[in-house]
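# Descriptive analysis of the structure
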Amino acid sequence: MCVSEPFSVRCVVYRTFFVINIHKYMYLNFLHTYIHTGDFQAFGNNIQGEIPTALGELENLKVINLAENNLVGTIPSSIGQSGNLLSLVLRNNRLTGSIPPGLASSTDILHINLSENDPDKDATSGIDGQIPDFFGSFTKLKWLKLHGNRLQGEIPASLSDATSLGELRLCHEQKCR
């Protein structure tokens, strides 16, 4: 459902029991036409395919919530580059690759949840690489959830600079080493 408000559009699609093939041209046109500002929330809809680069090109988009779908591939490098992103929730998909460096531009971001992208716990999917140092520059960040992936390396010391961070989840309690 998209709700038009003065100067913005807010779209929320929740458990509507249909499948969207996210990489089709019609869907990309929908993104450009209807979501100029505000929120894009399409969680729990069995959306399949890759996250289109076009999503990151929407400069006034503040909230992206594509949790609990069946998304594959990498997080586009364009996500967050506008610097306006406040919340990014991509948990419970099958995403791979590293956390995109473009996210560093979203210095006012409040919420990041990229957890549980290896749902089968078999290391065939899941975000990998290292936890970026730039998370420490997010002084307004309230929660950072990265557990259930294949991240490696040390926890960046810069995370101590994220003074508003109230919840940090990097691994499941039973799997922390």
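Data block above holds the structure.
In short, a report on the structure.

### Quick word on the environment of G56
With respect to the element layout, G56 can be found in helix α2 (residues 53-56). Along the chain, G56 and Q81 lie 25 residues apart, while their C-alpha atoms are 7.1 Å from each other. Once residues within four sequence positions are removed from consideration, G56 is found in contact with S78 and I79.

### A short note on the pattern of salt bridges
Taken as a whole and judged by the stated rule, the model has 4 salt bridges. The residue D128 makes a salt bridge to R150 at a minimum N-O spacing of 3.5 Å. On the criterion of sequence distance, the pair formed by D128 in strand β10 (residues 126-129) and R150 in strand β12 (residues 150-151) is long-range, its members being 22 residues apart. Given a relative accessible area of 26%, D128 falls into the partly exposed group. You can call R150 partly exposed: its relative accessible area is 26%. Between E167 and K145 there is a salt bridge; the shortest N-O distance is 3.8 Å. You can see E167 sitting in strand β13 (residues 167-169) and its partner K145 sitting in strand β11 (residues 143-145), a full 22 residues away along the chain. E167 sits in the partly exposed class, given a relative accessible area of 31%.

### With respect to unusual backbone geometry
In this structure, N92 takes a positive phi of about 55 degrees despite not being glycine. By secondary structure assignment, the location of N92 is in the loop between β7 (87-89) and β8 (94-97). Overall, N92 belongs to the partly exposed group, its relative accessible area being 33%.

### Observations regarding empty space enclosed by the protein
For the coordinates displayed, the defined rule picks out 1 cavity of 30 Å³ or more. What lines the largest cavity is simply L55, G56, L58, L61, I64, S78, I79, G80, Q81, S82 and L85. Those elements giving two or more residues to the lining of the largest cavity turn out to be α2 and β5 (60-65). Looking at the lining of the largest cavity residue by residue, the classes come out as 6 nonpolar, 5 polar and no charged.

### Re the packing of aromatic side chains
Considering all chains together, one arrives at 3 aromatic pairs under this definition. Arranged with centres 5.8 Å apart and planes meeting at 55 degrees, the rings of F134 and F138 form a pair that is tilted. The residues F134 and F138 share a single accessibility class, namely buried. When the centroid spacing of 5.8 Å and the interplanar angle of 55 degrees are considered together, the rings of F135 and F138 count as tilted. Here a set of aromatic residues connected by ring pairs shows up, and it is made of F134, F135 and F138. Note that K145 overlies the ring of W143, its terminal NZ or CZ placed 4.5 Å from the centroid.

Criteria and cut-off values
Residues numbered from 1 in each chain as written. Predicted model: local features only at pLDDT ≥ 70, side-chain atom pairs only at ≥ 80, totals over all residues. Heavy atoms only, no water. Helix = DSSP H or I, 4+ residues; strand = E, 2+ residues; numbered from the N terminus. Contact = heavy atoms within 4.5 Å. Salt bridge = Lys/Arg side-chain N within 4 Å of Asp/Glu carboxyl O. Buried < 20%, exposed > 50% of the residue type's maximum accessible area, 1.4 Å probe, protein only. 1 Å grid on protein atoms, 1.4 Å probe; cavity = no way out; pocket = protein on both sides within 12 Å on 5 of 7 lines; lining within 4 Å. Points joined across faces, edges and corners; volume = space filled by probe spheres on them. Nonpolar A, V, L, I, M, F, W, Y, C, P; charged D, E, K, R; others polar. Phe/Tyr/Trp six-rings, centres within 6.5 Å; stacked < 30°, edge-to-face > 60°. Lys NZ or Arg CZ within 6 Å of the ring centre and 35° of its normal.

Read these as geometric descriptors, not functional statements.
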